[in-house]
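Chains, contacts and geometry: an overview
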Amino acid sequence: MKETYTRPVNGKNVEIQPSFFKNLMNLAADSIIPYQWRALNDEVPDAEPSYCIRNFRAAAGEIDAPHAGFVFQDSDLAKWIEAASYMLMWREDKETEKNIDACVDLIEKAQLEDGYLDTYYILTDINKRWTNLRDNHELYCAGHMLEAAVAYYKATGKDKLLNVMIKFVKHIKSRFGTEEGKLRGYPGHEELELALVKLYEETGDKEHLALAKYFIDERGQSPLFFDEECKREGRGIGWVRSIYEGGAYYQSHKPVREQIKAVGHAVRACYLYSGMADVARETEDERLKEACDTLYENITRRQMYITGAVGQSSFGEAFSFDYDLPSDLVYGETCASIALLFFAHRMLRMSPKGEYGDLMDKLIYNGTISGMNLTGDKFFYVNPLESWPERSRKNQQFAHIKSERQKWFGCACCPPNLARLVCSLPGYIYHTQGDTVYFALYTSSNANIPLENGNAAFSVKTGYPWDGKVIIQMEKAFSGMTMALRLPAWVKTYKLNINGKFAHTRMQDGYLYIEDALKAGDEIVFDMDMPVMVMRANPKVRATSGKIALVRGPVVYCLEEADNGFDLHALSMRADQNMQYAFDPDLLGGVGTITADAYREIESGWDDNELYADHATEKAPASVMFIPYYAWNNRSVGEMTVWVREEK
């Protein structure tokens, strides 16, 4: 299996140039990172307090205060440190680095002598630690802090936080396992599994990989640990567990190699599947890889929204069942989209298939960044595909659908998760295998990439995702190296030339492998046609039956009240028309728009006292304008819809 592996190119080897990605990264550095630092310190007026830094100060003995906020509040600081660390890889920021160092000092002071580190139990009752793995997130918080430690070490070479977390991992290893006297438990909220593999990759210590494998292997074994834990501690099965039969909410309903459908809490699930893919790759476990393939297919073919969002149910923030994809009651948590991107990235590392890059593309341009506004200081937790503000205010079952992004959340997992994704984008673009460079994503950049038998250096210029042309200027090449360009599934026609001449390629698993010998000075021009595409859902998806959505390249579009008036449900349009695409540099920070002819149902002929009648509804011609889905709710509060009724 190892011959199929790819390795992501270190983000330090990739310099992002002016582009969509660069705009996102600058937004993170200029706004998101400093804003979230203030939020973590409870300095954002009229926002829900975080208590995060305060909890660490109390645990470190600097102040006398009880724990406040959720039991998993530590994870918000961990994700912020990770995000800021990635930022330091491509932008010098002494102030942010100083703030991280101060946090690391706090974390080190809060850590107990035996290595344990979790402010909730340190500040409440340390004797209760490891007694509620199902609900209280100790291992989840450990995973996020471990990821932060690895990222900060990579960015700066400073190992204080890394050593703190290695000490904590040793404590965890002393408490968990199959040996007599140890807990045969695993995380209630998965995260630590993938973090341990990151630690293994950084240190080479196989004990870290073995611990990750233990948590993967033990999950779902009979008797179910969470049931036994509840009996031992005298707790009930819990409100969520009560409807997710057999531990499905926690993905512990059966051993992971036997799981065939994505179930339960969507973020937990996708973190678990990411960890499974990591362990499968590093241990060459074919059966575990097959389980990952099966689960990936179930999500992407039967339980994923057109934006890449996952998690259909607000109850439990969970997957529901195949083809149940309501646009209005959707949950689509930002964290779930990010977790799915992590899973896709790890699947790509196991097998260089274009479909994994296609999904990463879909998620980056739609279901993740829709979770923040264009100034980086307001956030969505839930990402609907249809919004009707009055209904959200007045109908309780739609209360989770916010019509306006929020300054912060008491449960603030999504904003720092989004920050760490955006700041780490340079590490997702290129992958290598032997002497082959894989283009997983397209953005303007300069890259210097070590391969098995030499170095490849090149620059990329592109207007992606608004323009499908990618120009690659080779600066360093050697005999035997290969470039593999992802051909997105949405591409119908393309041209690929080298120095103006037809390039010889072979197509395999969604990648175009250039077979011509490359040399310094060569110019590769890959021009993908990017038409407006009319999309329909599988007929089994009841919520979108008879409706269409517009997609151009990787970007999903929507109608917003700001451009099209209210009562968007009354609009319908023909699919077989010439729609006009244009890029507007002055709208929403610069976006592509699509205009089309439509029809609007009108109330003419209806009496105000008629609720139902046997006469037809009249339609009037209308013109509509679509904007990228990620950019909605940046001008005003109003209606929005991705899916529109198709006019025959």
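Located above this text is the structure these notes cover.
This one's a predicted model, so the numbers in the text were calculated from it and none came from an experiment.

Definitions and limits used
Every chain is numbered independently, its residues counted from 1 as its sequence is written. Per-residue local features of the predicted model are confined to residues with pLDDT of at least 70, and side-chain atom pairs are confined, for both listing and counting, to 80 or more; whole-chain, interface and lining totals are unaffected and use all residues. Hydrogen atoms and water are omitted, and side-chain values are computed over all heavy atoms in the structure. To qualify as a helix, a DSSP run of H or I must reach at least 4 residues; to qualify as a strand, a run of E must reach at least 2; elements of each kind are numbered from the N terminus. In this setup the radius of gyration rests on C-alpha atoms only. A globule is expected at 2.2 Å times the number of residues raised to 0.38. Burial classes follow relative accessibility: with a 1.4 Å probe on protein chains only, a residue under 20% of its type's maximum area counts as buried, one over 50% as exposed, and anything between as partly exposed. Every residue pair with non-hydrogen atoms within 4.5 Å of one another is taken to be in contact. Accessible surface is estimated by sampling points in the Shrake-Rupley manner with a 1.4 Å probe; for residues, cover comes only from the protein chains shown. Here a salt bridge means any side-chain nitrogen of Lys or Arg lying within 4 Å of a carboxyl oxygen belonging to Asp or Glu. Put simply, a patch holds well-exposed residues, over 30% relative accessible area, that have no salt bridge, with like charges counted together within 9 Å and Val, Leu, Ile, Met, Phe, Trp or Tyr side chains within 5 Å. Counting rule applied: Lys, Arg positive; Asp, Glu negative; His and chain ends not counted. The atom standing in for a charge is NZ when the residue is Lys, CZ when it is Arg, CG when it is Asp and CD when it is Glu. A pair of strands counts as paired when DSSP detects no fewer than two bridges linking them. By definition here, a helix of n residues has an expected span of 1.5 Å times n minus one. Note that the bend at a residue is defined as the angle between axes fitted to the seven residues ending at it and the seven residues starting at it.

Attention now moves to the overall build of the chain. In terms of helices and strands, the chain carries 17 helices and 23 strands. Taking 26 Å as the expected radius of gyration for a compact globule of 648 residues, we find that the chain reaches 25 Å, a close match to that expectation. When each of the 648 residues of the chain is scored for burial, the buried share is 60%. In the chain, of all internal contacts separated by at least 6 residues, the share reaching a separation of at least 24 is 70%. Counting only carbon and sulfur atoms, one obtains 47% of the accessible surface of the chain, whose full area is about 25,400 Å².

Further remarks concern helix H16 (residues 414-423). With 10 of its 10 residues buried, H16 lies for the most part within the structure. When H16 is considered as a whole, its buried residues turn out to be Cys-414, Pro-415, Pro-416, Asn-417, Leu-418, Ala-419, Arg-420, Leu-421, Val-422 and Cys-423. Those residues of H16 hidden inside the fold are in contact with helix H1 (20-40), helix H3 (74-88), helix H6 (138-156), helix H11 (266-283), helix H13 (334-350) and helix H14 (354-368).

What follows concerns the pattern of salt bridges. For the structure shown, the criterion picks out 47 salt bridges. Note that Glu-82 and Arg-420 form a salt bridge whose closest N and O atoms lie 2.7 Å from each other. Highlighted residues: Glu-82 in helix H3 and Arg-420 in helix H16, separated in sequence by 338 residues. No difference in accessibility class separates Glu-82 from Arg-420, as the two residues are buried. Between Glu-646 and Arg-536 there is a salt bridge; the shortest N-O distance is 2.8 Å. On the criterion of sequence distance, the pair formed by Glu-646 in strand E23 (residues 644-646) and Arg-536 in the loop between strand E15 (532-535) and strand E16 (547-552) is long-range, its members being 110 residues apart. For Glu-646, a relative accessible area of 17% gives the class buried.

Right, let's get into a negative patch on the surface. Taken together, Glu-603, Asp-607, Asp-608, Glu-610 and Asp-614 make up a surface patch of like negative charges. Tracing the chain through its elements places Asp-614 in the loop between strand E20 (591-602) and strand E21 (618-628). Among the residues examined, Asp-614 registers a relative accessible area of 81% and is labelled exposed.

Cis geometry is found at the peptide bond from Ser-222 to Pro-223, where omega equals 0°. When you line up the elements, Pro-223 lands in the loop between helix H9 (206-218) and helix H10 (225-233). The residue after Tyr-464, namely Pro-465, is reached through a cis peptide bond having omega 10°. You can see Pro-465 is positioned in the loop between strand E7 (454-462) and strand E8 (469-476). You will see that Asp-567, though not glycine, has its phi angle at about 55°, which is positive. With respect to the element layout, Asp-567 can be found in the loop between helix H17 (561-564) and strand E18 (571-573). Under the relative-accessibility criterion, Asp-567 is labelled partly exposed at 29%. Of note, Asn-633 is a non-glycine position whose phi angle comes to about 60°, a positive value.

Once that is clear, we can look at the sheet that holds E7. Taken in spatial order, the 7 strands make up an open sheet running E2-E6-E7-E8-E14-E10-E11, and their pairing is antiparallel. On the outer flanks of this sheet lie strand E2 (14-16) and strand E11 (501-502), each paired with one strand and no other. Note that E2 and strand E6 (residues 445-451) share 3 bridges and pair antiparallel. Looking at the pairing, Glu-15 lines up with Asn-446 of E6.

This paragraph deals with H1. End to end, H1 covers 28 Å across 21 residues, agreeing with the expected 30 Å (1.5 Å per residue, within 8%). Taking the largest bend as the criterion, H1 deviates by roughly 45°, centred on Ala-28. Of all 21 residues in H1, 15 are buried, a share of seventy percent or more. Directly after H1, the chain includes Asp-42, whose backbone phi takes a positive value near 60°.

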